[in-house]
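What the coordinates show
So the chains spell out like this:
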Amino acid sequence: MEKAELLSVQNLSVALSGKHILQDVSFTLNEGDWLMLIGPNGAGKSTLINAVSQAIPYSGNIRILGKDSKQMKSRSLARAIGVLNQNHYVGYGFTVEEVIRLGLYSHREGFFSLRAPSKSAENSAFGKAKYTSFDPDQAVFDAAGKTGLTELLSHSILTLSGGELQRTFLAQLFVQDPQILILDEPANHLDLIYQQQIFSLVKEWQSRPDRAVLSVVHDLSLAKKYGSRALLLRNGQTAALGTVSEVMSPELLESVYSMDVYAWMQDLYGRWSR
Amino acid sequence: MKNKNTATHGFGPKEYLLCAAATLAVFLLCVCLGSVNLPLADTLAAFRDILTGTVPEETTLAYRILQPVRLPRILCASLSGAALSLCGACMQGLLKNPLADGSTLGVSAGASLGAICSIAFGFSVPGLLFSGTMVSAVIAAFISLAIILSFAYRLDASLSTNTIILIGIVYSMLVSAMSNLVITFAGDRVKTITFWNMGSLQGTSYPNAAALAICLLVCGGILLLTAEELNAFSIGEENARSIGVNVRAVRLRVLICVSILIGVCVSIGGSISFVGLITPHLVRPLTGPNHKRLLPASLFGGAIFLLLADLCARTILAPRELPIGVVTSIVGSILFVHIFYTGRKQR
Amino acid sequence: MKKATRLLALLLSLAMTAGLMAGCATPSASKDGEKASNEVENTAVTFTDMTGREITLDAPADRIVALTASDCEILYALGAGDKLVGRGEYCDYPAEVFEVPSVQSGYETNIEQIIELKPDVLVMATMAQTVEQVEQLENAGIKVVVSDAQNIEGVYTAINMLGTLTGKTAEATTIVDSMKKTFDEVSAKADEESAGSIYFEVSPLQYGLWTAGKGTFMDEIANMLGLKNAFADVEGWAEISEEQVIERAPDYILTITMYFGEGPTPEEEILSRKGWENIPAVKNQKILNLQNNELSRPAPRLADAARMLYDLIHGTAAEEDKAA
């Protein structure tokens with residue numbers, strides 16, 4: 001069966017002050033995909049993510065759920081794409097619940113309407129039928145439960161550990177419930193246990209229909225374990241695009257990273273099958 | 001301090017009523033106290049007559065002081081206090097910076113320059129005493145905003161917090177220098193400008209209060225309805241974008257409302273510093289950072305703060321007046337140090 | 001913060017003026033006048049300036065820079081305006097003074113500008129000049145003379161001192177005598193009746209009401225005319241409450257607000273103020289607007305101001321009475 005195309009990127013280029021950071025990158029993201037963006041530092045991974053989430057100017061064509069992303073309103077964009085950043089510099093002592101609740105923002109329209117128009121109306125093309133009767137309080141409570149934050153709901157985010165904070169923002173994304181989740185090195189600064197928590201939560205979320213994940217990871221073993229497809233970038237250009245096993249061949253990786261990645265991984269983890 | 005259950009909810013009717021009652025109490029206190037000591041009975045009688053619109057044939061001194069002088073001034077004090085504090089709370093949220101304020105962004109300085117130019121070059125609209133200064137203060141606040149924003153966009157397309165604050169501070173310095181330049185070249189008119197620049201609510205009138213009330217109703221209303229977006233901004237701009245906030249539009253909306261409010265306040269009361277900075281810090285321990293509660297609380301808190309500051313300015317050295325900016329700066333800086341000190345200790 | 005500094009500067013300057021008043025000993029000043037006139041013959045000039053410094057010149061000064069508006073006025077009144085080679089930027093009377101090159105004065109006094117003008121003498125007030133600045137000037141061969149009158153007696157001293165300085169002692173005596181005569185005339189009626197109370201307005205309501213209290217020229221002249229300053233309980237220039245003016249209900253109002261030719265005149269503006277209708281001065285339209293700093297500068301024109309105030313109180317008819 002043909003999988004629905006959620007995101008299509010055509011000839012994406014980004015230039016900052018005359019310097020090309022991304023050149024002619026094209027790929028698509030289908031339902032059920034988890035596309036891993038890999039490549040050395042400075043390859044343009046974060047720039048690609050920023051362009052897709054419309055945070056920076058770019059040239060090229062990005063279609064999200066079949067629509068031209070430049071024409072999309074902020075709220076409908078947020079119902080399609082949600083971003084989990086690697087760092088959160090929190091300044092004020094909002095409670096965990098307040099942060100999670102902000103995920104409901106895109107479900108409302110304008111100043112006054114408090115309840116979302118049924119999400120299914122917009123996304124019916126993909127046969128999506130989530131909350132038939134949407135209860136925002138229930139959504140917040142469910143997301144907190146999934147991420148293990150029920151006990152912490154009334155705590156100030158200033159008192160949380162890095163892992164708890166990352167889970168708070170993940171819970172916010174679950175409430176927001178976009179169709180495409182973008183992760184920018186979501187577990188970069190976290191202990192192994194938190195890495196594992198975050199990735200398995202995302203995996204579980206992604207396993208439901210009409211969803212896809214696009215993520216930047218540094219740790220190639222995480223990419224190998226969770227990714228279904230991979231995009232390897234080198235100096236802002238596509239070095240390889242395909243399934244994880246195709247892209248993460250020892251030869252390709254060695255040419256991009258200029259080192260024997262597999263040997264290094266074997267050193268690190270002991271066993272790393274070719 | 002932290003109220004767990006109400007933490008996620010906005011200002012209910014109960015809270016509004018409570019704050020309104022407190023503000024009203026302070027307002028009444030300010031009606032009764034002033035530079036001239038009036039008999040309490042006379043004062044209250046005059047106040048009642050003014051409210052009911054019945055003007056007695058034979059007016060007492062209380063009536064003659066209350067109706068044309070004290071009442072419009074108190075109205076302006078409370079409305080400017082509310083407006084400035086609301087602006088401060090919004091800037092602090094928008095820029096995710098507890099030190100942000102209309103003044104750190106350069107909007108106040110810009111508005112001052114506009115007002116000073118209008119005084120120095122005698123630009124005025126006939127019929128309304130203050131309209132010339134008011135219009136040029138608001139326009140100058142707008143222009144300041146446009147300059148700051150376009151400069152910030154050019155430097156940093158994402159308009160990050162630090163860029164804006166930095167440009168705001170540099171801009172304030174530049175504009176203050178320009179103000180001094182205008183004062184230097186204004187020659188004959190220099191005296192009046194110097195006095196005005198110190199900030200004073202003396203001589204404010206009912207039309208001033210009406211202008212403030214209308215702006216507060218419109219711009220303040222818009223700002224109150226932007227509370228959720230401000231919550232997102234104060235958690236983080238990237239997060240705000242991720243959840244679907246139209247970052248640029250909201251920022252523009254907030255900055256425009258803020259510059260209108262600050263422009264009008266500056267044209268009426270001169271530059272009254274510290275109110276916008278301090279009030280949100282005073283109410284935040286009670287309301288938490290959620291703007292749905294912080295904004296209305298700042299609104300009332302600011303009214304109370306400036307009413308009391310103006311009361312001090314009017315009475316402490318009677319018959320003399322203290323410039324209200326001096327009172328707010330002194331009280332504000334002491335409170336600020338106190339808040340930061342206790343805040344550090346708790347952490 | 002800025003406001004606080006401003007206030008501090010204001011308070012400081014008030015404190016300084018108060019201190020100066022105490023320090024300025026009038027008897028010694030009149031003695032200097034005599035001493036100086038004796039020495040005019042052998043062209044050397046010696047006198048004490050108003051901070052008590054002994055100053056000797058080989059000859060009456062020929063090139064003078066005067067920083068304060070009042071000293072410029074006195075020099076012109078003495079007929080020594082042609083000796084002025086530089087003036088402070090705020091000097092604006094008489095009109096001829098504008099032909100003289102202006103230098104920055106006050107807090108931004110520009111020493112280089114002054115030295116470039118090659119004056120024999122610099123006349124200035126005490127405020128805002130540091131010891132270092134005075135040293136610099138003296139090293140450049142410029143005598144620094146401080147003129148800082150804080151009351152009418154001080155104005156006489158300043159006139160006599162500048163007369164000595166320019167070799168115009170006779171003119172100085174004439175001016176002082178004429179001033180004294182005018183003051184005697186206008187105070188003649190003061191003994192007979194109490195003329196009522198007066199409120200001086202330095203800054204209009206729009207920018208906060210400022211008045212001149214005790215220890216100002218305005219206060220001194222009011223007393224001379226038998227008027228009671230409505231804000232005699234306030235020291236120096238001060239911002240006061242509008243409520244207080246209404247309560248104190250002065251019989252006369254004198255405003256020194258400037259009029260720039262647009263909008264209501266200062267008198268009209270005061271007459272139109274809400275809540276002021278019952279103040280006697282407003283009811284009887286006894287409001288005088290002196291726009292040209294006559295009343296705020298320690299210069300000969302104080303006498304003119306006193307005369308105008310006298311006319312406001314007694315009407316111009318009173319003058320005819322006296323003449324008859």
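These numbers come from a predicted model, not from an experiment. (Residues numbered from 1 in each chain as written. Chains lettered and ligands numbered in written order. Predicted model: local features only at pLDDT ≥ 70, side-chain atom pairs only at ≥ 80, totals over all residues. Heavy atoms only, no water.)

1. What to know about the confidence of the model for chain A
Note the following rule: Confidence of the prediction at every residue is given by pLDDT, a number between 0 and 100. Residue contacts are defined here by distance: any two heavy atoms, one from each residue, within 4.5 Å place the two residues in contact.
With 88% of its residues at a pLDDT of 70 or more, chain A has an overall mean of 83. Taken together, the stretch residues 111-132 of chain A has pLDDT below 50 and engages in 39 contacts with residues farther than four places along the chain or on a different chain.

2. Details of the sheet that holds strand β6 (residues 81-84) of chain A
Backbone hydrogen bonds are what pair the strands of a sheet, in a parallel or an antiparallel way. Residue and element names in this part refer to chain A. Going by this rule: Between any two strands, at least two bridges found by DSSP are needed for them to pair. Counting from the N terminus, the helices are DSSP H or I runs at least four residues long and the strands are E runs at least two residues long. To obtain each axis, a line is fitted to C-alpha atoms, and for helices this fit is confined to the stretch in contact; angles are then taken between N-to-C directions over 0 to 180 degrees.
Taken together, six strands build an open sheet; the order of strands is β6-β7-β8-β3-β9-β10 and the sheet is mixed. Edge strands, defined here as strands with exactly one partner in the open sheet, are β6 and β10 (237-243). Ignoring strand direction, the axes of neighbouring strands in this sheet form an average angle of 15 degrees. Inspection of the sheet shows strand β7 (residues 180-184) paired to strand β8 (residues 212-216) by five bridges, in the parallel sense. Of the residues in β8, the one forming a bridge with Ile180 is Ala212. Where helix α6 (residues 162-176) meets the sheet, its contacts fall on β6 and β7, and the angle it forms with β6 comes to roughly 175 degrees.

3. A closer look at the pairing of β6(A)
Residues and elements named next belong to chain A. To keep it simple, the criterion reads: Remark: exposure states derive from per-residue accessible area (1.4 Å probe, protein chains only) relative to the maximum for the residue type, with buried under 20%, exposed over 50%, and partly exposed in between.
Both faces of β6 are covered, namely the face carrying Ile81 and Val83 and the face carrying Gly82 and Leu84. Sheet analysis places β6 next to β7, joined by four bridges and oriented parallel. Along β7, the bridge assignment pairs Ile81 with Ile180.

4. Regarding the sheet that holds strand β7 (residues 143-146) of chain C
Here we have five strands laid out as an open sheet, ordered β5-β4-β3-β6-β7 (chain C), and parallel in their pairing. In this open sheet, the two edge strands, each paired with only one partner strand, are β5 (102-103) and β7 of chain C.

5. What to know about the packing of helix α3 (residues 61-94) of chain B against helix α12 (residues 275-287) of chain B
Residue and element names in this part refer to chain B. This is how it is decided: Between 65 and 115 degrees an angle is taken as roughly perpendicular, under 35 as roughly parallel, over 145 as roughly antiparallel, and anywhere else as oblique. In this classification, Asp, Glu, Lys and Arg are treated as charged, Ala, Val, Leu, Ile, Met, Phe, Trp, Tyr, Cys and Pro as nonpolar, and every other residue, Gly included, as polar.
It is at 7 Å that the axes of α3 and α12 come closest, and there the two elements cross at 75 degrees. If you check the angle between α3 and α12, you find them roughly perpendicular. Where α3 approaches α12, its residues Gly81, Leu84, Ser85, Gly88, Ala89 and Gln92 are matched on the opposing element by Val275, Gly276, Leu277, Thr279, Pro280, His281 and Arg284. Partitioned by chemical class, the residues of the contact of α3 with α12 number five nonpolar, seven polar and one charged.

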